[in-house]
Amino acid sequence: QVQLVESGGGLVQPGESLTLSCVASGRLFVIYKMGWYRQAPGKEREVVARISLGGSTDYADSVKGRFTISRDGAKNTVFLQMNSLRPEDTAVYYCWHISYGPVEHWGQGTQVTVSS
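Procedures and definitions
- Residues numbered from 1 in each chain as written.
- Predicted model: local features only at pLDDT ≥ 70, side-chain atom pairs only at ≥ 80, totals over all residues.
- Heavy atoms only, no water.
- Patch = residues over 30% accessible without salt bridge, like charges linked within 9 Å, V, L, I, M, F, W, Y side chains within 5 Å.
- Areas by Shrake-Rupley, 256 points an atom, 1.4 Å probe, with all protein chains shown as cover.
- Salt bridge = Lys/Arg side-chain N within 4 Å of Asp/Glu carboxyl O.
- Helix = DSSP H or I, 4+ residues; strand = E, 2+ residues; numbered from the N terminus.
- Phe/Tyr/Trp six-rings, centres within 6.5 Å; stacked < 30°, edge-to-face > 60°.
- Buried < 20%, exposed > 50% of the residue type's maximum accessible area, 1.4 Å probe, protein only.

Engineer: Help me out: how do you make sense of a nonpolar patch on the surface in this one?
Structural biologist: A cluster of nonpolar side chains, namely Phe29, Val30, Tyr32, Leu53 and Tyr100, defines an oily patch on the protein surface of about 540 Å² accessible area. Within the fold, Tyr32 resides in strand β4 (residues 31–39).

Engineer: Is there a simple way to explain the packing of aromatic side chains in this structure?
Structural biologist: Aromatic rings in a pair are described by how distant their centres are and how their planes are angled relative to each other. Counted under the stated rule, the structure contains three aromatic pairs. Ring plane angle 65 degrees and centroid distance 5.6 Å describe the contact between Tyr37 and Trp96, whose orientation is recorded as edge-to-face. Linking Tyr37 in strand β4 with Trp96 in strand β9 (residues 91–99), this pair joins segments that are 59 residues apart in sequence. With relative accessibility at 14%, the residue Tyr37 sits in the buried group.

Engineer: How do you make sense of the pattern of salt bridges when you look at a structure like this?
Structural biologist: Pairing between side chains of opposite charge can happen when the charged atoms of each approach one another. Taken as a whole and judged by the stated rule, the model has five salt bridges. The closest approach of N and O atoms between Arg38 and Asp89, which form a salt bridge, is 3.0 Å. Separated by 51 residues along the polypeptide, Arg38 in strand β4 and Asp89 in the loop between β8 (77–82) and β9 bring together distant segments of the chain. You'll find Arg38 and Asp89 in the same group, each marked buried. The salt bridge partner of Arg50 is Asp58, with a shortest N-O separation of 3.1 Å. For Asp58, a relative accessible area of 25% translates into the label partly exposed.

Engineer: Which parts of the structure should I look at to understand unusual backbone geometry?
Structural biologist: Both trends apply: most residues other than glycine have a negative phi, and most peptide bonds are in trans. Looking along the chain, the bond that leaves Gly101 and enters Pro102 is cis, with omega of 0 degrees. Among the secondary structure elements, Pro102 is positioned in the loop between β9 and β10 (103–106). Of note, the phi angle at Ser84 is positive, near 50 degrees, even though the residue is not glycine. By the secondary structure assignment, Ser84 is in the loop between β8 and β9. Classification of Ser84 by relative accessible area gives partly exposed; the value is 41%.

Following this line, the structure appears as structure tokens:
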């Protein structure tokens, strides 16, 4: 069984920063891609950022230039550095990865609230 555990969410003011972390554990196979999705109230879940085994990244247009995704492959950990946060970034952020199979796994989610 695979578990993804997120940490780092919270309440911040507009313009501030947060860093999310996600650790994968359990019966892990090769993880091809890791990333972050988010879901705001009343909206569908959307991709925020993803990073491949080779290190290539892709970002939602709304976060380009503000968010940075990185991974520590040896520790099966993915990070999301979020700068210049805006109220519209408020959402539950979910860690995700796709591994050999292919099989997708999701974390439980961590709340990020941006408000003055």
